[in-house]
Amino acid sequence: MEHSSFEQENAEGAARARYTQDMRQERHAVREALRSDLPAAHLGLGATVIALIVVACFSGPRWTSIIGGGFAAWFLLALTVIRLGGGRGQDAVRRAHIATFGWGNWI
């Protein structure tokens, strides 16, 4: 049996709509899984400070400065990107803090 072009377009449109809906649900699930908040960022900062203290005890100030500088650079990069994106004031600092240390959610 031959389908008319209208039926084919309708079927293709329905398939596209299902695909779009599935992708939205998948993206929403990923965003929820990766979402971080301020308490998690504080926990990540605390873990970083403890790790830096341990590194300082065993390796000295050189590696502690290198690792601390890496986190500071990451924070400044995040803050710069957020500021360029329109973030202002304390909100920009809070978002950069979450972007830098939000991994504390997975400790």
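Scroll up for the structure.
Our subject in this report is the structure included herewith. In this convention, every chain numbers its residues from 1, walking through the sequence in written order. Local features are withheld for residues below a pLDDT of 70 in this predicted model, meaning they are given only at 70 or higher, and side-chain atom pairs are given and counted only at 80 or more; totals for whole chains, interfaces and linings count all residues. Think of the side-chain values as coming from all heavy atoms in the structure, minus any hydrogens and water.

Remarks on a nonpolar patch on the surface
A surface patch of nonpolar side chains, amounting to about 450 Å² of accessible area, comprises Leu-43, Trp-103, Trp-106 and Ile-107. Relative to the helices and strands, Ile-107 is located in the segment after helix H4 (89-101). Each patch is assembled from residues with relative accessible area greater than 30% and no salt bridge, linking like charges that lie within 9 Å and nonpolar side chains (Val, Leu, Ile, Met, Phe, Trp, Tyr) that lie within 5 Å. Residue-level accessible areas treat just the shown protein chains as cover; the underlying method is Shrake-Rupley with a 1.4 Å probe. The term salt bridge refers to a pairing of a side-chain nitrogen on Lys or Arg with a carboxyl oxygen on Asp or Glu at a separation within 4 Å. For the purposes of this entry, the term helix denotes a DSSP run of H or I that reaches at least four residues, the term strand denotes a run of E that reaches at least two, and both are numbered from the N terminus.

A closer look at H4
Helix span, expected: 1.5 Å multiplied by one less than the number of residues in the helix. Spanning 13 residues, H4 covers 19 Å between terminal C-alpha atoms, matching the ideal 18 Å at 1.5 Å per step. Taken as a whole, H4 has its buried residues at Ala-92, Ala-96, His-97, Ile-98, Thr-100 and Phe-101. We call two residues in contact whenever any of their non-hydrogen atoms come within 4.5 Å of each other. Where H4 is buried, its residues touch helix H2 (38-59) and helix H3 (61-84). Relative accessibility under 20% of the residue-type maximum defines a buried residue, over 50% an exposed one, and the middle range a partly exposed one, all with a 1.4 Å probe and only protein chains included.

Notes on the nonpolar core
Nonpolar cores were defined as sets of buried Ala, Val, Leu, Ile, Met, Phe, Trp, Tyr and Cys residues, with membership established by side-chain atoms within 4.5 Å. One finds Ala-78, Leu-79, Ile-82, Ala-92 and Ala-96 forming the largest nonpolar core, which totals 5 residues. Per-element accounting of this core gives the leading share, 3 residues, to H3.

A closer look at the pattern of salt bridges
Tallying each qualifying case throughout the model produces 2 salt bridges. Residues Asp-91 and Arg-94 are paired through a salt bridge, measuring 2.8 Å at the closest nitrogen-oxygen approach. Linking Asp-91 with Arg-94, this pair stays in helix H4, spanning 3 residues, or about one helical turn. The exposure class assigned to Asp-91 is partly exposed, which follows from its relative accessible area of 32%. Its salt-bridge partner being Arg-95, residue Asp-91 comes within 3.7 Å of it at the nearest N-O pair. Of this pair, Asp-91 and Arg-95 both sit in helix H4, 4 residues apart, roughly one helical turn. In the salt-bridge network here, residues are joined through shared partners; they are Asp-91, Arg-94 and Arg-95.

A closer look at the packing of H3 against H4
Relative placement of two packed helices is described by the angle separating their axes and the distance separating the axes. Contact geometry for H3 and H4: axes closest at 8 Å, N-to-C directions at 135°. In terms of orientation, H3 and H4 fall into the oblique class. In this structure, H3 crosses over H4, and the sense of that crossing is right-handed. Of the residues in H4, those in contact with Phe-71, Trp-74, Phe-75, Ala-78, Leu-79, Ile-82 and Arg-83 of H3 are Gly-89, Ala-92, Val-93, Arg-95, Ala-96, His-97, Ala-99, Thr-100 and Phe-101. In the scheme used here, Gly and all other residues not listed as nonpolar or charged are polar, with Ala, Val, Leu, Ile, Met, Phe, Trp, Tyr, Cys and Pro taken as nonpolar and Asp, Glu, Lys and Arg as charged. Class assignment of the residues belonging to the contact of H3 with H4 gives a composition of 11 nonpolar, 3 polar and 2 charged. Note on geometry: axes are lines fitted to C-alpha atoms, helical ones only across the stretch in contact, with angles between N-to-C directions running from 0 to 180 degrees. Any angle between 65 and 115 degrees counts as roughly perpendicular, while under 35 counts as roughly parallel, over 145 as roughly antiparallel, and the rest as oblique. Two helices crossing with the near one rotated counterclockwise from the far one by less than a right angle form a left-handed crossing, whereas a clockwise rotation gives a right-handed crossing.

Quick notes on the side chain of Thr-64
Mapped onto the elements of the fold, Thr-64 is located in helix H3. Polar contact criterion, stated in full: a pair of N or O atoms within 3.5 Å, where within protein one must be able to donate a hydrogen and the other to accept it, and residues adjacent in sequence count only if both atoms are side-chain atoms. Only 3.2 Å separates the side chain of Thr-64 from the backbone nitrogen of Ala-56, close enough to count as a polar contact. Apart from the residues lying within four places of it in its own chain, the contact partners of Thr-64 are Leu-52, Val-55 and Ala-56.

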